[in-house]
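Here is what each chain is made of, one letter per residue.
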Amino acid sequence: MTTDYSRRDFLKGAGLAAVGAASMGALSGCSQGSDGSAANLASTGEDWMPEVWDYECDFLVIGYGGSGLWAALTAADECGAEVLCLEKAPVRGGGNSSINMGEFTWTDDVDGCVQYIENFSKGLVPEASARAWAEECTRNCEYVEKWGAVAFKLEGSQASGFKNGCELPELDTAGAMHVARISEDGNGADGWAILDEARADLGVEVLFDCHDEELIQNPLTKEILGCYTLIGDDGKKYAVKARKGTLLSTGGFEHNEEMHANYLKCYPARGFYGWPFNTGDGHQMAMAVGAKLWNMREMIGSTTTNFPNNDYKYAIMASPHTNNYLHVDRLGQRFANEMGGFDPHNGWHPYTKFNDDFGDFERIPSWIIFDKTGFEGGPLGPEAQSATMQMWLDGLPEECGAYQGWSEDNSVEVEKGWIKKGDTLEELVASMADPNAFVDDMMDVETLKASVARYNELCKAGEDTDFGRPADAMLPVDNPPYYAMPFYPGGCTTLGGPKKNENAQVLDGKDEVIPRLYASGSISNFQAHTYGISGGGNAENMIWGRISARHACSLEPWDAAEAE
């Protein structure tokens, strides 16, 4: 059961209630002394300090998704800390972790895991960080079961196409990587609900509808002392004191178009089926206090449909129910085996092909071309609340992106312009060049006609000698009218953000620690060069969430002198 809180549950100026004796069986590191002296506030002049702290805690979590949840549980349970979580969503938290497959990584070979990380990252992940991750990864199943969820271990990963727990099984020591699910059916929402209830039982409060946070930084020591936040729409800045540390766990920048254009390997990337509140807020906060960024080019994603005039924020995975279709690039050329395997993690890589003739990405967008047979085969899109192949959206409130569902006969989507239609291929191309759509008039009619004709010839011959599509999936596209829907790179989440060390501490431009500031989750995924670890998104949350909480809670409060 998920517990919801609002600003009305808090009294202005009140600190959080003590968690009490929640720290049973605390791990080492949770009661150590500070690694630096407290701020000499008087010497800086205190005009930058809030006159009044509206809320106080030991450990502040900004962003209550999977990473924030794991950090909050660890800080409260193992370290006896007072924890406050701020969440942007208006009515519930959870982020991607509460709607995904619940798949996470575990390992029983630390050295092999470290070597595999070094191999796929081409040495870009610091060895200390890889080892810290690997050592903590050995405990992932233990921690899932500690909180009453199920750690269902798999021999192969469904999410990665049965590649035995990694994205690159041919690499040396890939056998060290394993996968498990939170719950046997792979519903991440189940595991989230169990852990969220444990968080509530520990007395950890979550404050919703928090936005436009600004970190409060001591100008002398560069320590992060807490943050300002707006809550709801009353326009007041609330000051939140974090006596020991602040964690940024605000997710990726899936829904920030400007950041896509500036950072991703290919653009536009449209159609993310991640949490719609992931707009890069934490990235902006971190940069404002001098953080260095890393891994910003990477994302976890594949091929997603995306439509003009669509207010629905999650990607809608749509495709014909019959095999009477082919894929073409923006020039009208067929370029791949359409049945070659759906890779939900790295399936976006083919979209990076750049065409110097016209100075843009050749396959963005790509199009699925189908005929009347495919159109009449059934609803092309999903039913209500199940809008993607990778997310479990049942029970989402309207404020968090509830989906009303696709029409039974696809007619509503044609009227909206989501599905393009033409009695001939010439008419279809004309409809695809609609100025209200996402694309310009680059599709060449003759090229598309040649691609469709060639595909139909291969269907008749019973063998795809061009791209190897299975013979039993080769059904012709020859029954007009014709239809088209656009595909873009998109998917789960972006990866990069503020750089962190083996303690999850955020680093500045000189790779020096910004004291008392931490990052974990999609805002700062440590995987470099490519996404190489199946279940690595959830494992990122679990591992760095726990590591950050323990380290932050080992510090002496920055206001310890005031308290004496």
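Note that the structure is predicted; figures quoted are calculated from it, not measured. Within each chain, residue numbers correspond to sequence positions counted from 1 in written order. Local features are withheld for residues below a pLDDT of 70 in this predicted model, meaning they are given only at 70 or higher, and side-chain atom pairs are given and counted only at 80 or more; totals for whole chains, interfaces and linings count all residues. For the side-chain quantities, the full set of heavy atoms in the structure was used; hydrogens and water were omitted.

### Overview of the layout of surface pockets
Both site types are read off a 1 Å grid over the protein atoms alone. A 1.4 Å probe that fits but cannot get out defines a cavity, while an open set with protein on both sides within 12 Å along at least five of seven lines defines a pocket; lining residues have an atom within 4 Å of a point. Grid points are joined across faces, edges and corners, and a volume is the space filled by probe spheres set on the points. What the second largest pocket holds in volume is close to 410 Å³. Every residue lining the second largest pocket is counted, 24 residues in all, and those nearest its centre are His255, Gly271, Asn306, Tyr312 and Lys313. Gly falls in the polar group here, along with every residue not listed as nonpolar (Ala, Val, Leu, Ile, Met, Phe, Trp, Tyr, Cys, Pro) or charged (Asp, Glu, Lys, Arg). Looking at the lining of the second largest pocket residue by residue, the class counts come to 10 nonpolar, 9 polar and 5 charged.

### Focus: the pairing of strand β5 (residues 177-182)
Classification of residues uses two cut-offs on accessible area relative to the type maximum, computed with a 1.4 Å probe and protein chains only: under 20% is buried, over 50% is exposed, and between them is partly exposed. Put simply, DSSP H or I for four residues or longer makes a helix, DSSP E for two residues or longer makes a strand, and each gets a number counted from the N terminus. A large share of β5 lies buried, amounting to 6 of its 6 residues. Covered by surrounding structure in β5 are Met177, Val179 and Arg181 together with His178, Ala180 and Ile182, the residues of both alternating faces. The pairing criterion is simple: DSSP has to find at least two bridges between the two strands. With 5 bridges connecting them, strand β3 (residues 103-107) and β5 associate as antiparallel partners. Bridge pairing in β5 places Thr105 opposite Val179. Across 4 bridges, the pairing between strand β4 (residues 151-154) and β5 is antiparallel. Residue pairing for β5: Leu154 is matched across the bridge by Val179.

### Quick word on empty space enclosed by the protein
One pass over the full model with this rule turns up 4 cavities of 30 Å³ or more. The calculated volume of the largest cavity comes to roughly 560 Å³. What lines the largest cavity is a set of 44 residues, among which Asn96, Ser97, Asn100, Ser522 and Asn541 lie closest to the centre. It is helix α13 (residues 536-553) that provides the largest number of residues to the lining of the largest cavity, a total of 4 residues. The residue makeup of the lining of the largest cavity, split by class, is 12 nonpolar, 27 polar and 5 charged. Roughly 130 Å³ of internal volume is contained in the second largest cavity. Lining the second largest cavity we find 15 residues, and of these Trp70, Ser97, Ile182, Trp192 and Asn538 sit closest to its centre. Contributing elements (two or more residues each) for the lining of the second largest cavity: α2 (66-79), α6 (188-201) and α13.

Purely geometric stuff here, so don't read any function into it on its own.
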